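One letter stands for each residue in the lines below.
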Amino acid sequence: MMQNLSEPFFLSPSVYHKSLLKDLKPALAFGTRPGDAAAHQKTVRKKFAELIACDPAVRPAELPWRSIARKRCPWGAIEKIVYRSADYCDVPAFLCLPDHPVSDTVFICLQGHSGDGMHVSISADPENWDMEKPAAGDRDFALGCLKRGIAAFCIEQSCFGERLEKVQEKKASGFCHDAAVQALMLGKTLMGERVYDIARGIDFLKARPETSHAKIGIMGNSGGGTVAVYSAALLPEIDFCMPSCSFGGYADSKMAVYQCACGYIPGILKYLEMDDVMACFAPKPLVVVAGKEDPIIPLKSVLPAFERVKAVYAAMGAEAHCHLVIGGEGHRFYADEAWQAMLPEVLHG
Ligand SMILES: [Zn+2]
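Right, let's walk through the structure included here. Computed from a prediction, not measured in an experiment: that's the story for all the values here. (Residues numbered from 1 in each chain as written. Predicted model: local features only at pLDDT ≥ 70, side-chain atom pairs only at ≥ 80, totals over all residues. Heavy atoms only, no water.)

## Here we look at the packing of helix α5 (residues 190-207) against helix α6 (residues 223-234)
Here's step 1: Interhelical geometry of α5 versus α6 gives an angle of 65° and a closest axis separation of 9 Å. The orientation of α5 relative to α6 falls into the category roughly perpendicular. Viewed along their axes, α5 and α6 form a crossing whose handedness is right-handed. Across the interface between the two elements, Met 191, Arg 194, Val 195 and Ile 198 of α5 pack against Gly 223, Thr 226, Val 227, Tyr 230, Ser 231 and Leu 234 of α6. (Axes fitted to C-alpha atoms, helices over the stretch in contact; angles between N-to-C directions. Helix = DSSP H or I, 4+ residues; strand = E, 2+ residues; numbered from the N terminus. Parallel < 35°, antiparallel > 145°, perpendicular 65-115°, else oblique. Left-handed = near helix turned anticlockwise from the far one by under 90°. Contact = heavy atoms within 4.5 Å.)

## What about the packing of aromatic side chains?
One pair of aromatic rings is described through two measures. These are the centre distance and the angle between the planes.
Here's step 1: A complete count under the given rule lists nine aromatic pairs for this structure.
Here's step 2: Between Trp 65 and Phe 204, the ring centres sit 5.0 Å apart and the planes meet at 85°, which makes this aromatic pair edge-to-face. Note that Trp 65 is positioned in strand β1 (residues 65-73) and Phe 204 in helix α5, a separation of 139 residues in sequence.
Here's step 3: Among the residues examined, Phe 204 registers a relative accessible area of 0% and is labelled buried.
Here's step 4: With 5.1 Å between their ring centres and 65° between their planes, Phe 107 and Trp 339 make a pair best called edge-to-face. Of this pair, Phe 107 sits in strand β4 (residues 105-110) while Trp 339 sits in helix α10 (residues 335-348); the two residues are 232 residues apart in sequence, bridging distant segments of the chain. Just as Phe 107 is buried, Trp 339 falls in that class too.
Here's step 5: Through a chain of ring-to-ring contacts, the aromatic side chains of Trp 65, Tyr 83, Phe 153 and Phe 204 assemble into a single cluster. (Phe/Tyr/Trp six-rings, centres within 6.5 Å; stacked < 30°, edge-to-face > 60°. Buried < 20%, exposed > 50% of the residue type's maximum accessible area, 1.4 Å probe, protein only.)

## Details of the coordination of the zinc ion
Here's step 1: Distances from the zinc ion to its protein donors, namely His 113 (NE2), Cys 176 (SG), Cys 260 (SG) and Cys 262 (SG), fall within the range 2.0 to 2.3 Å.
Here's step 2: Geometry at the zinc ion is tetrahedral, judged from its four donor atoms and the angles of 105 to 115° they form at the metal.
Here's step 3: As a motif over one chain, the donors of the zinc ion read H-x62-C-x83-C-x1-C. Here His 113, found in the loop between β4 and β5 (124-125), pairs with Cys 176, found in the loop between β7 (151-155) and α4 (177-185); they are 63 residues apart in sequence, far enough to count as distant.
Here's step 4: Assessed through its relative accessible area of 31%, His 113 is described here as partly exposed. (Donors = N, O, S within 2.8 Å, 3.2 Å for Na, K, Ca; no water. Tetrahedral: all angles 85-135°; square planar, octahedral: opposite > 155°, others 65-115°.)

## A look at the pairing of β7
Working note: regular strand, side chains alternate between the two faces of the sheet.
Here's step 1: Burial runs high along β7: five of the five residues are buried.
Here's step 2: What you see with β7 is no split at all: Ala 151, Phe 153 and Ile 155 on one side and Ala 152 and Cys 154 on the other are buried throughout.
Here's step 3: In terms of strand pairing, strand β3 (residues 89-98) meets β7 through four bridges, oriented antiparallel. Considered in β7, the bridge of Cys 96 is made with Ala 152.
Here's step 4: Note that β4 and β7 share four bridges and pair parallel. Residue pairing in the sheet places Phe 107 in a bridge with Ala 152 of β7. (Pairing = 2+ DSSP bridges.)

## Overview of helix α2 (residues 37-51)
Along an α-helix, a turn takes 3.6 residues, which lines up residues three or four apart on a common side.
Here's step 1: Taking 1.5 Å per residue, 15 residues should reach 21 Å; α2 reaches 20 Å between its end C-alpha atoms and fits that length.
Here's step 2: Along α2, the positions that sit buried rather than exposed are Ala 37, His 40, Gln 41, Val 44, Lys 47, Phe 48, Ala 49 and Leu 51.
Here's step 3: Where α2 is buried, its residues contact α6, α7 (268-271), α8 (274-278) and α9 (299-315).
Here's step 4: Capping of α2 at its N-terminal end is provided by Asp 36; its side-chain oxygen lies 3.0 Å from the backbone amide nitrogen of Ala 38.
Here's step 5: Just past α2, the residue Ala 53 takes up positive phi, approximately 55°. (Expected span 1.5 Å × (residues − 1). Polar contact = N/O pair within 3.5 Å; in protein donor to acceptor, adjacent residues only side chain to side chain.)

## Focus on α9
Here's step 1: With 17 residues, α9 should reach 24 Å at 1.5 Å per residue; the first-to-last C-alpha distance of 24 Å fits that figure.
Here's step 2: Among the residues of α9, Leu 299, Ser 301, Val 302, Ala 305, Phe 306, Val 309, Val 312 and Tyr 313 are the ones counted as buried. The arc that holds every buried residue of α9, seen down its axis, measures 135°, which confines them to one face. When the buried face of α9 is taken as reference, the exposed residues oriented beyond 90 degrees from it are Lys 300 and Ala 315.
Here's step 3: Lining the buried residues of α9 we find α2, α8, β10 (286-291) and β11 (322-327). (Arc of directions from axis to C-beta.)

## Describing the sheet that holds β10
Here's step 1: If you walk across this open sheet you meet the nine strands as β1-β2-β3-β7-β4-β8-β9-β10-β11, and the pairing is mixed. Two strands close off the open sheet at either side, each with one partner strand: β1 and β11. Neighbouring strand axes in the sheet, compared pairwise and without regard to direction, differ in orientation by 20° on average.
Here's step 2: The pairing of strand β9 (residues 238-244) with β10 spans two bridges and is parallel. Considered in β10, the bridge of Ser 244 is made with Val 289.

## Some points on the pairing of β10
Here's step 1: Burial analysis of β10 places six of its six residues in the buried class, the great majority of the element.
Here's step 2: On β10, burial covers both faces: Leu 286, Val 288 and Ala 290 on one face and Val 287, Val 289 and Gly 291 on the other are all buried.
Here's step 3: Bridge count between β10 and β11: six bridges; the pairing is parallel. Residue pairing across strands places Val 289 opposite Val 325, the latter belonging to β11.
Here's step 4: The β-α-β motif built from β10, the intervening α9 and the parallel element β11 has right-handed crossover chirality. (Right-handed = clockwise from strand over helix to strand, strands pointing away.)

The following block contains the structure:
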């Protein structure tokens, strides 16, 4: 039987999607599964690896790599290297070793969307790394590590810096659109590819005598922080995680705020929210950094998600290792506040 529609009509796709989201309960959420959190982590990790199409447990024994150049900075030595993550997929990186280490720990440093990529982490001009190019918002992650006596490993992520798409002649504005949608057609995701590059970066760190026995931390801002969360969930080698302006509930961030296509994972909300992925890292030390005025990862998406992660830490007797740091500004890193929470974990871990 025909029915008359009354106005206003629903013509917005996002309003339609929001209505679907309202009733969607992730099937593997920790909150819905009382019981052994460690056992549930295994289930979540397996499903998450499947959803981002990345199985970092399967990787070659060989890791081809090459040293490119070295330089000094006031707090230590910086070496540029390139390693082969997969065939036809090479990854530049900086290995930064402090003159006065306080701990046998190396932090993997990941920038967000940036044409300058990993050079931001050492405050250097990508055209000439001897030229200083100051990084705004404490994004000089590697220098921040070296100043505190911590080694750093800055990985150039796919689509940023030296890995910006240059072959594709016509491309959408921004950094990742073409690569992100190509990956989807291949049954992959760009986030999964980035996590795999981190896994291969860890293979490099294990192969180098200076870092072969080091504990491994991972930190990043924005899209780099998201890769930090996903890597921490899937890679058992990671001991510390410090994501900045990247962790929050998908419903109030990815599903509400316009973001780059590279961060979307097909079907994930049917099974997992971001806190479920993050909770896979418990009970290891976690410092979530947020910006009070961050418009991309709004605080209202961070607070309830963090509470859910903290509940998993508490269930594992590790609430004291789950920290939230809220900076007073927007979408940036807050080095002093973040390291104040993380450094004691590194020193006593
Ligand atoms: Zn992107």
